[in-house]
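Overview (structure and organization)
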Amino acid sequence: MPELPEVETIRRQLAPRLVGRRLEELEVLDPRWCAPLAPAEVADAVRGRRIEALGRRGKYLLWGLEDDVHLVTHLRMTGTLLYDAPSTPAHTRVRFRLGDGHELLFVDPRRFGTGTVLLGGDALDAHLAARLGVEPLEPGFTAQHLAALARGRRAPVKAFLLDQRRVAGIGNIYADEALHGAGIHPLRPAGALTRGQVAALRDAVVAALEAGIEAKGATIDDFRDPEGAHGSFQDAFQVHRRAGEPCPACGAPVVKFTVAGRGTYACERCQRRPRPRRAA
DNA sequence: GTGATAACCTGGGTGC
DNA sequence: TGCACCCAGGTTATCA
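Residues numbered from 1 in each chain as written. Chains lettered and ligands numbered in written order. Predicted model: local features only at pLDDT ≥ 70, side-chain atom pairs only at ≥ 80, totals over all residues. Heavy atoms only, no water.

Let us look at the environment of Glu3. Within the secondary structure, Glu3 sits in the segment before helix 1 (4–18). On the basis of relative accessible area, Glu3 is assigned to the buried category, the value being 3%. When the C-alpha atoms of Glu3 and Ala218 are compared, they prove to be 9.0 Å apart, with 215 residues separating the residues in sequence. Excluding residues within four positions of it along the chain, Glu3 makes contact with Lys59, Gly169, Ile170, Gly171, Asn172, Ile173 and Tyr174. A polar atom in the side chain of Glu3 sits 3.4 Å from the backbone nitrogen of Tyr174. (Helix = DSSP H or I, 4+ residues; strand = E, 2+ residues; numbered from the N terminus. Buried < 20%, exposed > 50% of the residue type's maximum accessible area, 1.4 Å probe, protein only. Contact = heavy atoms within 4.5 Å. Polar contact = N/O pair within 3.5 Å; in protein donor to acceptor, adjacent residues only side chain to side chain.)

Right, dumping it as structure tokens:
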């Protein structure tokens, strides 16, 4: 499941190969990828333009093209970008042909991945601002800022972390790992965290994301980097997908339950379950 | 405004 | 072996 570290890994690998090249042709093989825009509309907007920058915001990969044209792609759950794949794999949704003869494929078995074109920096900013909150690896992601975001929130802290409009880029894996690192139960209401817990959570989020980037992401089912290689962060999971195994910190068994509709893993000795509130 | 839930989608696993 | 069913989850829309 590509989250911030996986998208950042892709960005770092692709940037030297894409920036400065021309996007000769973009062939959308699955119209769903760019809906509601028509494939021809997207292809016409980007055809022949030089790639000036390859950025990332949250889990979005941002292609900055010349003339202030922006291609915004999202891998969602099972999307991957393959550079010069030896053959065209099943579930290839988009083909990017570069001016230097190389090729990039957007492969996505579950067809959740998306791409869209935005004309002008203002349109890009508005598009991202409507969807994404603070970038957790930027200086603005402080304990004070996180506390302000959480204030008054009754939703479980895990649901809060998964809400991209609050903090951008955290998905199911890194939410579980960060909450374990901070010793906070996923069901604790976000607004009920103490100042110390918020500070610990902020640090644990940053640590988990940085460790994920260092390991070139986590591969559970589908994630591969543009060269087709797997990440290794799954080997460092403390709790995620480790139900029944001993917690590396205390030895108590990791338990699995559902929060915000997502499979959630925690050590309920290190992460104390909040007591149910008594009715008034 | 907030929180919960369904829908989208398909490969893989399980049970019969 | 083949079939039906369930689960996984990021984002968006909808509802209470």
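Now, onward.
Further remarks concern the protein's contact with DNA strand C. The environment of DNA strand C is made up of 16 residues, and the closest members are His74, Met77, Phe112, Lys256 and Arg262. Sugar and phosphate atoms constitute 54% of the interface atoms of DNA strand C, taking the interface as everything within 4 Å of the protein. Within the side chain of Arg131, an N or O atom sits 3.0 Å from a phosphate oxygen of DNA strand C. The separation between a phosphate oxygen of DNA strand C and a polar side-chain atom of Gln164 is 3.5 Å. Classifying every residue of the surface near DNA strand C gives 4 nonpolar, 4 polar and 8 charged. (Near = heavy atom within 4 Å. Nonpolar A, V, L, I, M, F, W, Y, C, P; charged D, E, K, R; others polar.)

This paragraph deals with the protein's contact with DNA strand B. Around DNA strand B, the surrounding shell consists of Arg32, His91, Pro109, Arg110, Arg111, Phe112, Arg153, Arg154, Ala155 and Pro156. A share of 76% of the atoms of DNA strand B within 4 Å of the protein falls on sugar and phosphate groups. Contact distances for DNA strand B include 2.5 Å between a phosphate oxygen and a side-chain N or O atom of Arg153. Of the residues contributing to the surface near DNA strand B, the split by class is 4 nonpolar, 1 polar and 5 charged.

Taking strand neighbours across the sheet as the criterion, the 8 strands line up as 5-7-6-1-2-3-4-8 in an open arrangement whose pairing is antiparallel. Strands with a single pairing partner mark the edges of an open sheet, and in this sheet they are strand 5 (80–83) and strand 8 (114–119). The average undirected angle you get between the axes of adjacent strands in this sheet is 30°. Sheet analysis places strand 1 (residues 22–28) next to strand 6 (residues 92–98), joined by 5 bridges and oriented antiparallel. Along strand 6, the bridge assignment pairs Val28 with Val94. The strands touched by helix 1 within the sheet are strand 2 (49–57), strand 3 (60–65), strand 5, strand 6 and strand 7 (103–107), with strand 2 carrying the most contacts at an inclination of about 160°. (Pairing = 2+ DSSP bridges. Axes fitted to C-alpha atoms, helices over the stretch in contact; angles between N-to-C directions.)

Let's shift gears to the nonpolar core. Core analysis: the largest hydrophobic core is formed by 33 residues, its most contacted members being Val157, Phe160, Leu161, Tyr174, Leu201 and Val205. Of all elements in the fold, only helix 4 (143–150), helix 5 (157–162), helix 6 (172–182) and helix 7 (195–214) reach the threshold of two or more residues within this core. A per-element tally of this core places helix 7 first, with 8 residues. When sequence neighbours within four positions are dropped, the list of residues in contact with Leu201 reads Leu146, Val157, Leu161, Ala178, Leu179, Ala182, Ile184 and Leu193. Counting residues in hydrophobic clusters, the runner-up holds 29 residues, among them Val28, Ala45, Leu75 and Val117. (Core = buried A, V, L, I, M, F, W, Y, C linked by side-chain atoms within 4.5 Å.)

For helix 6, the buried fraction is high: 9 of the 11 residues fall into the buried class. Among all positions in helix 6, only Ile173, Tyr174, Ala175, Asp176, Glu177, Ala178, Leu179, His180 and Ala182 are buried. Gly183 sits one or two residues past helix 6 and shows a positive phi near 70°.

The next subject is the packing of aromatic side chains. Enumeration over the complete set of coordinates arrives at 3 aromatic pairs. Aromatic side chains Trp33 and Phe96 sit 6.5 Å apart centroid to centroid with 85° between the ring planes, which places their arrangement in the edge-to-face category. You can see Trp33 sitting in the loop between strand 1 and helix 2 (39–46) and its partner Phe96 sitting in strand 6, a full 63 residues away along the chain. The exposure class assigned to Trp33 is buried, which follows from its relative accessible area of 1%. Given the relative accessible area of 0%, Phe96 is considered buried. For the ring pair Trp63 and Phe96, a centre distance of 4.8 Å and an interplane angle of 10° mean the geometry is stacked. Of this pair, Trp63 sits in strand 3 while Phe96 sits in strand 6, and the two are 33 residues apart along the sequence. Assigned by exposure class, Trp63 and Phe96 land together as buried. Within the aromatic cluster, the residues linked to one another by ring pairs are Trp33, Trp63, Phe96 and Phe106. Arg273 extends its terminal NZ or CZ atom over the ring of Phe257, reaching a point 5.2 Å from the ring centre. (Phe/Tyr/Trp six-rings, centres within 6.5 Å; stacked < 30°, edge-to-face > 60°. Lys NZ or Arg CZ within 6 Å of the ring centre and 35° of its normal.)

None of this, on its own, says anything about what the molecule does.
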